[in-house]
Amino acid sequence: MIQLFHVNKVYDGGLWALRDISLTVKKGEFVFLTGPSGAGKTTLLKLLYMAETLSDGQVVIFGKNTSRLKKRSIPYFRRNIGVVFQDFKLLRDSNVFDNVAFALRILGRKHSEINGRVMEVLRMVGLEKRYRDVPENLSGGEQQRVCIARAIVNSPALLLADEPSGNLDPENAARIIDIFNQVNAKGSTVIVATHNVAMVRELGKRTLHIDNGKIREDSTVRESDVQ
Amino acid sequence: MFSSAGFFLSQSVRDFKNHPYLHLSVVVIISLACFIFGIVLLFAFNLNRVVDSIYADIDVTVYLKPDIKPGDDVYKKIELRLKEDSVIESLKFVSSDEALAKFRKEMPDYNKLIDFAGSNPLPSSIEIKLKKNTRDVKSMERFVAGLSRIDGIEDVNITGDWINRFFGFLAFIKLVAGIIMVLIGVGVVFIIYNTVKITIHSRSTQIEIMKLIGATNWFIKGPFIFEGIWQGLGGSLLSVGILYAVYSFLKNNLEGAFSFIFSGMRFEFLDPFTIVSILGGGILLGICGGGISTAKFLRK
């Protein structure tokens, strides 16, 4: 499903974000990325949904080498990936319904199908009564849930989430992880970057600990967390 | 496809509601561009009508030597020679008696002078109407020079020898109008460029999000193209409205003065084809604006 071979990412100005990353994530896996701020978690996710280009190495997703992907093919590639952005990236002028529906509209789905599916997903994230609100009228946690709803609405093969519980209270955080589990149970691969160690411990999923651009640990539960 | 078009349409209408001033500024600029174009067309359209009316009044009168009458060999030769010329539309023989009668009727104050002369001093003549498309200065000069060499013709007269001077003035007016057009055109392009820059800035985040979610370039462009259509249509309709107001003002205030110089001259508004062309041009301008403002981010 996902393979990274000796991936390096150096930003303009010589800042190393990732160093010699090699890893494999199988189809249907649920993986947490942990590590301190600036460790390279977000950069790794960005390489996966092609918001950043790698400096060196190879990234293969869905059997396609992202470096060789033609520019016009990138939108179609991204349609298989749902992304929960750290800064939400909601369309400011669109209401909750339209933000979520956008991911289906680009696929050319019918109105009736869009309406039904969007409301179903909004119920999952507990925002079915706020569907007419624009993002600026929502709290940070609610905006994050809209972002999550948009990421999962088209049942993507790969779901990437960057700090999805960062703005949520424990109850909503648990709800979101439950949604991720549901998506994962249906066959989607899920990769979540988080600081929430308690959540990672509780779930007992595969965890990649990144620090200073390198994978320091790849384990079901990190040894240091257990101690 | 159609569901996408419906989405683009609703998106564009909503964007108009959300950013009325931004869209209004684009509408005003397109309107300005269309107005400048339209006023030049209106000016050119009516100027051509003036020129046509002047050309229609141009006559050539050929004065014959004494005693030449229709039926004479010399007259037949002259008539044959004139009919061979492709620039002539019609000929009319005016005898010296007819000329005298006409003179007496039009200039009654001079009747005594004619009576005093005792005999008819006016020569017979042939009044020539030229074909419309040959009524330019050079063709006429060539034609008149040819007539002067024909045996039996005493003199040739063109009504309106001031026309040469008028056309010289017209060429000057056209040059000045052209220079003003270019200067205003450069100004409009500069304003459009800056407005597009502001538009680009306001749209950059939106475009980036759409790309990250997986929208194709065409899907991203769609609503902006529709917005461009609305802006173009709004701007061009506004310009046609202002043009009509300007036209009405000129017609009410200046037509009298013009008809004094050019009898029967009336200001006319642009014909339907030109109006549709202005609307089409405005829409095209709007679409180009929308396209340019998104293209920069879609190239990334």
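Everything numeric here is computed off the predicted structure, so don't read it as measured data.

A. Up close: the overall build of chain B. Along its length, chain B carries 9 helices and 4 strands. Written out in order from the N terminus, the α and β elements of chain B read α-α-β-α-β-α-α-β-α-β-α-α-α. Taking all 300 residues of chain B together, 38% fall into the buried category. A separation of at least 24 residues holds for 82% of the contacts in chain B among residues at least 6 apart in sequence. Here chain B has roughly 17500 Å² of accessible surface; of this, 66% comes from carbon and sulfur atoms.

B. Up close: the overall build of chain A. Scanning chain A for helices and strands turns up 8 helices and 10 strands. Computed over C-alpha atoms, the radius of gyration of chain A comes to 17 Å, within 12% of the 17 Å expected from 2.2 N^0.38 for 227 residues, which places it in the range of a compact globule. With the C-alpha coordinates aligned to their principal axes, the bounding extent of chain A is approximately 45 × 45 × 35 Å. Here chain A holds 227 residues, and the buried ones make up 54% of them.

C. Structural detail: the nonpolar core. Ranked by size, the top nonpolar core spans 86 residues in total, and within it L4(A), L48(A), F102(A), V118(A), L122(A), F180(A) and I191(A) carry the most contacts. In this structure, V62(B), L82(B), V87(B) and F143(B) belong to the second largest nonpolar core, which totals 19 residues.

D. Region of the structure containing the interface of chain A and chain B. Tallying the contact residues gives 21 residues for chain A and 21 residues for chain B. Counting the surface lost from both chain A and chain B, the interface buries some 1900 Å², and carbon and sulfur atoms represent 62% of this. Among the residues chain A hides against chain B, the three largest losses belong to R78(A), D93(A) and F102(A). Together they make up 31% of the total. In this assembly, chain A and chain B are joined by 2 salt bridges. Summed over the shared surface of chain A and chain B, the number is 5 residue pairs in polar contact (both at pLDDT 80 or more). Taken together, the elements giving at least two residues each to the side of chain A that touches chain B come down to α2 (74–78) and α3 (96–105) of chain A.

E. Highlighting the packing of α3(A) against helix α5 (residues 140–152) of chain A. Residue and element names in this part refer to chain A. Packing of α3 against α5 leaves a shortest axis separation of 7 Å and a crossing angle of 30 degrees. The orientation of α3 with respect to α5, classified from their angle, is roughly parallel. The two elements α3 and α5 meet at a crossing, and its hand is right-handed. Of the residues in α5, those touching α3 at V96, N99, V100 and A103 are V146, A149 and R150.

F. Up close: the side chain of S188(A). Residue and element names in this part refer to chain A. One can find S188 in the loop between α6 (170–185) and β8 (189–193). Polar contacts involving the side chain of S188 include one to the main-chain carbonyl oxygen of P156, which spans 2.5 Å. Residues contacting S188, with those up to four places away along its chain left out, are G28, E29, P156, A157 and V183.

G. Examining the packing of aromatic side chains more closely. With the rule as written, the count across this model stands at 14 aromatic pairs over all chains. Summarising the aromatic geometry, the rings of Y244(B) and F269(B) are spaced 4.9 Å apart at their centres and angled 85 degrees between planes, so their arrangement reads as edge-to-face. One end of the pair, Y244(B), is in helix α8 (residues 217–261); the other, F269(B), is in the loop between α8 and α9 (272–298), and 25 residues separate them in sequence. Note that K89(A) overlies the ring of F85(A), its terminal NZ or CZ placed 5.8 Å from the centroid. The ring centre of W218(B) lies 4.9 Å from the NZ or CZ of K221(B), which sits over that ring.

H. How the structure looks around α9(B). Here α9(B) is 27 residues long and its end C-alpha atoms lie 38 Å apart, about the 39 Å a rise of 1.5 Å per residue gives. Turning to α9(B), its buried residues are T274(B), I278(B), L279(B), G282(B), G286(B), G289(B), G290(B), G291(B), S293(B), T294(B), F297(B) and L298(B).

I. Highlighting the environment of I78(B). Residues and elements named next belong to chain B. Counting through the fold element by element, I78 comes out in helix α3 (residues 73–84). Assessed through its relative accessible area of 0%, I78 is described here as buried. Sequence separation between I78 and G152 is 74 residues, and the spatial gap between their C-alpha atoms is 7.5 Å. Other than its neighbours up to four places away in sequence, I78 contacts L64, I126, I150, D151, G152 and I153.

J. Up close: the sheet that holds strand β4 (residues 153–158) of chain B. Residue and element names in this part refer to chain B. The strand order β2-β3-β1-β4 describes an open sheet built from 4 strands, whose pairing is antiparallel. The sheet is open, and its two edges are formed by β2 (88–94) and β4, each paired on a single side. Strand-to-strand, the axes of this sheet are offset by a mean angle of 20 degrees, without reference to chain direction. Taken together, the 5 bridges between strand β1 (residues 59–64) and strand β3 (residues 125–130) define a ladder with antiparallel strand orientation. Opposite T61, over in β3, you have E127 as the bridge partner.

K. Summary view of the state of the cysteines. The full count for this structure, using the stated rule, is 0 disulfides over all chains. No disulfide involves C288(B); its sulfur sits 12 Å from that of C34(B), the nearest cysteine.

Calculation notes
- Residues numbered from 1 in each chain as written.
- Chains lettered and ligands numbered in written order.
- Predicted model: local features only at pLDDT ≥ 70, side-chain atom pairs only at ≥ 80, totals over all residues.
- Heavy atoms only, no water.
- Helix = DSSP H or I, 4+ residues; strand = E, 2+ residues; numbered from the N terminus.
- Buried < 20%, exposed > 50% of the residue type's maximum accessible area, 1.4 Å probe, protein only.
- Contact = heavy atoms within 4.5 Å.
- Areas by Shrake-Rupley, 256 points an atom, 1.4 Å probe, with all protein chains shown as cover.
- Rg over C-alpha atoms; globule rule 2.2 N^0.38 Å.
- Core = buried A, V, L, I, M, F, W, Y, C linked by side-chain atoms within 4.5 Å.
- Buried area = accessible area lost by both parts, 1.4 Å probe.
- Salt bridge = Lys/Arg side-chain N within 4 Å of Asp/Glu carboxyl O.
- Polar contact = N/O pair within 3.5 Å; in protein donor to acceptor, adjacent residues only side chain to side chain.
- Axes fitted to C-alpha atoms, helices over the stretch in contact; angles between N-to-C directions.
- Parallel < 35°, antiparallel > 145°, perpendicular 65-115°, else oblique.
- Left-handed = near helix turned anticlockwise from the far one by under 90°.
- Phe/Tyr/Trp six-rings, centres within 6.5 Å; stacked < 30°, edge-to-face > 60°.
- Lys NZ or Arg CZ within 6 Å of the ring centre and 35° of its normal.
- Expected span 1.5 Å × (residues − 1).
- Pairing = 2+ DSSP bridges.
- Disulfide = S-S within 2.5 Å.

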